[in-house]
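Given next are the chains, with one letter for each unit.
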Amino acid sequence: MLPTTASKGRGAARSSLPLFGPYLRRIVKWQQMDIEYTFWQMVHLCTSPKVVYQHTKYHKQTKNQWARDDPAFVVILILFLVFATSAYCAAFGESASHAALTITSVVFFHFLFAGIVLSTLCWFLTNSYLREEPNSHVVEQRVEWLYAFDVHCNSFFPAFVILYVLQYFLSPLLVAHGFFPALLSNLLFVVAISYYHYLNFLGYDEQHSSCTRLVLSSSFLHL
């Protein structure tokens, strides 16, 4: 039950396409990125993620879209992945060619490709099966694909902190043989995956809650 940006029929898919142009152009323009706000989001995604989605709601109210129009979060997260993967390769004595292959695999497969697949799947499922039917007071609502990708990025960052950063510093213990290292390794993955799904839930739930309030307000004004 996820009403989001107002749209009708096939126009919903077409209306989301113009978002990609400015978004992609700003990737190479650092002066147009809000770096400070991006770091603020990253910290709060690990400590109080509901605050981040409250600010996402304010973004919808001011710019009439749920998705970010600033690619700074994705760019900085990719840089973090490059640095973290490089540290792993240096620590475990990988060759330069193998390190380059590993970094490329992490960035383009583990993060971008997997994120696009998961985002597209969630976008399709929410628009196909979880939307509320429009009534006489509101127009049909649909989920923006770019917002679905934002939700993935938000959910991926705490998992990155657990599985790439924390696990790196615990690696001397984790590579040891025994029950406790195996238990701790699996516990890290359980926490990371659980938190990823929890943030996914928060992202779509915030849309549903906000749009439900909008529907109720519209109905009240109509009466």
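Residues numbered from 1 in each chain as written. Predicted model: local features only at pLDDT ≥ 70, side-chain atom pairs only at ≥ 80, totals over all residues. Heavy atoms only, no water.

In the annotation of an unreviewed UniProt entry, the entry for the chain reads UNC-50 family protein, and the organism field reads Urochloa decumbens. According to UniProt, the comment filed for the chain under the heading Subcellular location (unreviewed entry) is "Membrane". Within the UniProt record for the chain, the comment given under Sequence similarities (unreviewed entry) is "Belongs to the unc-50 family." (UniProt positions renumbered as here; feature names shortened; annotations may be inferred.)

Draft legend 1. Structural detail: the pattern of salt bridges. Within this structure, the stated rule accounts for 1 salt bridge. Salt-bridge contacts for Asp150 lead to Arg68; the nearest nitrogen and oxygen are separated by 3.5 Å. Placement of the pair is Asp150 in helix H7 (residues 145-169) and Arg68 in the loop between helix H4 (49-63) and helix H5 (72-91), with a sequence separation of 82 residues. (Salt bridge = Lys/Arg side-chain N within 4 Å of Asp/Glu carboxyl O. Helix = DSSP H or I, 4+ residues; strand = E, 2+ residues; numbered from the N terminus.)

Draft legend 2. Inspection of the nonpolar core at higher detail. Judged by nonpolar contacts, the single largest core of 40 residues is most densely connected at Phe73, Leu77, Leu81, Phe111, Phe156, Phe160 and Tyr164. Breaking this core down by element, the ones donating at least two residues are helix H3 (35-47), H4, H5, helix H6 (96-129), H7 and helix H9 (179-222). Counting residues per element, this core draws most heavily on H7, at 14 residues. Filtering out sequence-adjacent residues up to four positions away, Phe156 remains in contact with Leu77, Leu81, His110, Phe111 and Tyr196. (Core = buried A, V, L, I, M, F, W, Y, C linked by side-chain atoms within 4.5 Å. Buried < 20%, exposed > 50% of the residue type's maximum accessible area, 1.4 Å probe, protein only. Contact = heavy atoms within 4.5 Å.)

Draft legend 3. Just the side chain of Ser119, in detail. Structurally, Ser119 can be placed in helix H6. A polar side-chain atom of Ser119 sits 2.6 Å from the main-chain carbonyl oxygen of Gly115. For Ser119, the contacting residues outside a window of four places in its chain are Trp145, Ala148, Phe149 and His152. (Polar contact = N/O pair within 3.5 Å; in protein donor to acceptor, adjacent residues only side chain to side chain.)

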